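# A closer look at the structure
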Amino acid sequence: MNLHEKLVEVRKSIDSFTKDTDGYGYKYVSGSQILEKIKSKMDELGILLEQHLLYPTVIPTTIRTNKGSSSGYMITSQMKMIWVNAEKPDDKIEINWFCTGEQKDPSQAFGSALTYSERYFLLKFFGAPTDEDD
């Protein structure tokens, strides 16, 4: 199977997600729920998902201090999400994406940006339904 066919199989294995986490005044689908539902199918089919920050690759593009805000630091960066067929590593799909996160500590803001962007990338890429509109 080529990568497109494998990704269709992953999508077909997803029924729906429920908003199982509360935070910052919102209910949302946890990253662990998403990964739990797709990881075994990805492993079975030999699919990898790589995440690459683009400018630069180690330090986020923007670090902004929000003076007077309880949040503190905002991190933003362009990135690429890359699906790779492990059986044929040249068979890949690259998707331009973006991450942003805001926390009191810059490293926490960076982690939030990566976590949030991965969660919503997977939900949107697979067109996975959640129990309510996001």
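To keep things clear, this report deals only with the structure shown in the data block. Here the structure is a predicted model, which is why all the values come from computation and not from measurement. (Residues numbered from 1 in each chain as written. Predicted model: local features only at pLDDT ≥ 70, side-chain atom pairs only at ≥ 80, totals over all residues. Heavy atoms only, no water.)

### Brief notes about the pairing of strand S5 (residues 73-85)
- Bridge analysis of strand S3 (residues 47-53) against S5 gives 7 bridges, and the strand direction is antiparallel. In the strand pairing of S5, Ile 47 is matched with Asn 85.
- In terms of strand pairing, S5 meets strand S6 (residues 92-103) through 12 bridges, oriented antiparallel. From the neighbouring strand, Val 84 faces S6, where its bridge partner is Lys 92.
- Linking two consecutive strands that pair antiparallel, namely S5 and S6, is a turn of 6 residues. (Pairing = 2+ DSSP bridges. Helix = DSSP H or I, 4+ residues; strand = E, 2+ residues; numbered from the N terminus.)

### Focus: helix H3 (residues 106-125)
- Counted at 1.5 Å a residue, the expected span for H3 with its 20 residues is 28 Å, and the 28 Å between its end C-alpha atoms agrees.
- For H3, the complete set of buried residues consists of Ala 109, Ala 113, Ser 117, Arg 119, Tyr 120, Phe 121, Leu 122 and Leu 123.
- Close packing links the buried residues of H3 with strand S2 (26-28), helix H2 (31-45), S3, S5 and S6.
- One or two positions beyond H3, positive phi appears at Gly 127, with a value near 60°. (Expected span 1.5 Å × (residues − 1). Buried < 20%, exposed > 50% of the residue type's maximum accessible area, 1.4 Å probe, protein only. Contact = heavy atoms within 4.5 Å.)

These results come straight from atomic positions and should not be treated as a statement about function.
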